[in-house]
Amino acid sequence: QEYKKYNVNIFRILDEITACIENIKITLGKEGFNTDKLEIAICGGSAGGHLSLLYGYLMKNSPIPIKFIINYSGPVTLEPEYFIKVKNQNEPLESIEISDIENAKKADKIERLFTSDKRILYFMNFFTGNKTSEEDLIKILENGRINKNNDIYKEMFNFVENGFPVKYVNKESPPVLCVFGGKDEAIGIGHYSYLKSKYLESNNNKIDLIYSKYSLHNIFLIDGKPDIDLMNKIALKIKEYSKLYFTS
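1. Re the overall build of the chain
- Assigned secondary structure in the chain consists of eight helices and 10 strands.
- The C-alpha radius of gyration of the chain comes to 19 Å, within 12% of the 18 Å expected for a compact globule of 248 residues.
- Each principal axis of the C-alpha atoms in the chain carries an extent, and together these give about 60 × 45 × 40 Å.
- The buried share of the chain, taken over its 248 residues, is 44%.

2. Quick word on the nonpolar core
- Grouped together as the largest cluster of nonpolar side chains are 52 residues, with contacts concentrated most on Tyr57, Leu78, Leu93, Met124, Val176, Ile189 and Leu195.
- Here this core gets five residues from one element, more than from any other, and that element is helix 2 (residues 47-58).
- Those residues in contact with Val176 that sit more than four places away from it in its chain are Leu53, Tyr57, Ile69, Leu195, Tyr199, Lys206, Ile207, Asp208 and Tyr241.
- Residues Tyr72, Ile219, Tyr241 and Tyr245 belong to the second largest nonpolar core, which totals 11 residues.

3. Let's talk about the state of the cysteines
- Applying the stated criterion across every chain, the model contains zero disulfides.
- Unpaired in terms of disulfides, Cys178 finds its nearest cysteine sulfur in Cys43, a separation of 12 Å.

4. Examining the side chain of Thr77
- Of note, Thr77 is situated in the loop between strand 2 (66-72) and strand 3 (84-86).
- By relative accessible area, which is 1% here, Thr77 ends up buried.
- Of the polar contacts made by the side chain of Thr77, one reaches the side chain of Glu79; its length is 2.6 Å.
- Sequence-distant contacts of Thr77, defined by excluding residues within four places in its chain, comprise Tyr82, Phe83, Phe164, Pro165, Val166, His191 and Tyr194.

5. A look at the pattern of salt bridges
- The tally for this structure, following the rule as stated, stands at 13 salt bridges.
- Between Lys148 and Glu81 there is a salt bridge, with the nearest N and O atoms lying 3.0 Å from each other. Pair noted here: Lys148 is in the loop between strand 6 (145-146) and helix 6 (151-160) and Glu81 is in the loop between strand 2 and strand 3, with a separation of 67 residues, a long-range link.
- Exposure remark for Glu81: the relative accessible area of 30% places this residue in the partly exposed category.

6. Thoughts on the packing of helix 1 (residues 10-30) against helix 2
- Look at helix 1 against helix 2: their axes get within 11 Å of each other, and the N-to-C directions meet at 75 degrees. Considering the angle they form, helix 1 stands roughly perpendicular to helix 2. When helix 1 is examined against helix 2, the residues Ile10, Phe11, Ile13, Leu14, Ile17, Thr18 and Ile21 are found in contact with a partner set consisting of His50, Leu51, Leu54, Tyr55 and Leu58.
- Of the residues contributing to the contact of helix 1 with helix 2, the split by class is 10 nonpolar, two polar and no charged.

7. Topic: the pairing of strand 7 (residues 176-181)
- Counting buried positions over the six residues of strand 7 gives six, a clear majority of the element.
- Burial along strand 7 is two-sided: Val176, Cys178 and Phe180 facing one way and Leu177, Val179 and Gly181 facing the other are all buried.
- Here strand 2 runs beside strand 7; their pairing, made up of four bridges, is parallel. The residue of strand 7 that forms the bridge with Tyr72 is Val179.
- Of the pairings in the sheet, the one linking strand 7 to strand 8 (residues 207-212) comprises six bridges and is parallel in character. Among the inter-strand pairings, Gly181 is bridged to a residue of strand 8, identified as Ser212.

8. Some details on the sheet that holds strand 2
- Strand order in the open sheet formed by four strands is 1-2-7-8, with parallel pairing between adjacent strands. What marks the edges here is a single partner per strand, and that holds for strand 1 (40-45) and strand 8. Ignoring strand direction, the axes of neighbouring strands in this sheet form an average angle of 15 degrees.

9. A few points about the confidence of the model for the chain
- For the chain, per-residue confidence averages 94 on the pLDDT scale, and 97% of positions sit at 70 or higher.
- Overall, residues 1-5 carries pLDDT values under 50, and its contacts beyond four positions in sequence, including any with other chains, amount to three contacts.

10. Some words on the packing of aromatic side chains
- For the structure shown, the criterion picks out 10 aromatic pairs.
- A centroid spacing of 5.3 Å and a plane angle of 80 degrees characterise the contact between Phe68 and Tyr241, whose relative ring orientation is edge-to-face. Of the two residues, Phe68 is situated in strand 2 and Tyr241 in helix 8 (residues 228-245); the sequence distance between them amounts to 173 residues. Across this residue pair, the class does not change: Phe68 and Tyr241 are buried.
- Centroid distance Tyr241 to Tyr245: 5.2 Å. Interplanar angle 75 degrees. Geometry classified as edge-to-face. You can see Tyr241 and its partner Tyr245 sitting in helix 8, four residues apart, about one turn around the helix.
- According to the relative accessible area criterion, Tyr241 is buried, its value standing at 1%.
- Ring pairing ties together the aromatic residues Phe68, Tyr241, Tyr245 and Phe246, which thus form one cluster.

Rules used in this analysis
- Residues numbered from 1 in each chain as written.
- Predicted model: local features only at pLDDT ≥ 70, side-chain atom pairs only at ≥ 80, totals over all residues.
- Heavy atoms only, no water.
- Helix = DSSP H or I, 4+ residues; strand = E, 2+ residues; numbered from the N terminus.
- Rg over C-alpha atoms; globule rule 2.2 N^0.38 Å.
- Buried < 20%, exposed > 50% of the residue type's maximum accessible area, 1.4 Å probe, protein only.
- Core = buried A, V, L, I, M, F, W, Y, C linked by side-chain atoms within 4.5 Å.
- Contact = heavy atoms within 4.5 Å.
- Disulfide = S-S within 2.5 Å.
- Polar contact = N/O pair within 3.5 Å; in protein donor to acceptor, adjacent residues only side chain to side chain.
- Salt bridge = Lys/Arg side-chain N within 4 Å of Asp/Glu carboxyl O.
- Axes fitted to C-alpha atoms, helices over the stretch in contact; angles between N-to-C directions.
- Parallel < 35°, antiparallel > 145°, perpendicular 65-115°, else oblique.
- Nonpolar A, V, L, I, M, F, W, Y, C, P; charged D, E, K, R; others polar.
- Pairing = 2+ DSSP bridges.
- pLDDT = per-residue confidence, 0-100.
- Phe/Tyr/Trp six-rings, centres within 6.5 Å; stacked < 30°, edge-to-face > 60°.

In structure tokens, the structure reads:
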């Protein structure tokens, strides 16, 4: 509970990322680098993936230009209907592209993550600086699910949706490489297809997926062991992106 005494919300965190990148630029300048030619890629896992996307989409004047983003298992929204999983986790989907998710829903192979709604509310409350009491958060839930018609929820959502990366995707959005696991039960399997749909709507094809069918939320492990093949695949893709999008 220690963090609750600080005046922190999602957009202050973006300001702190800017300060960090500015410090990197200053430090490299002192080391003799030409700071006018600096370029970076940003990445993160889970909440860090969300922040990387949000920062890359919103901060057009980053101290160092952002050339691409890597999102490891990060949510692209806090809309609860995108926190989904296959009903039978022993049979993860072969792909989580848009059509595959839609087909799985039609075949009744998909269900909502039951534990996600309460967790989503706490995330939303953090986004707003923890202004909503525990008692009011509980009032939003009905049988463990968010009641979207609840006035407290509506007020929170009106602010929090400004922190959803999907809201800001457009033709000029940076290229993004997504890495997701097929057995993820933390944010589920619905986020990549939702993000890709926004890229397609914007006529922006600079989005790629590396899908690890048997990985949980921590995509780097399968059955508790490091997935070296996946790591190599990611490394090769990052090398490809670097050649493609860095100018020097």
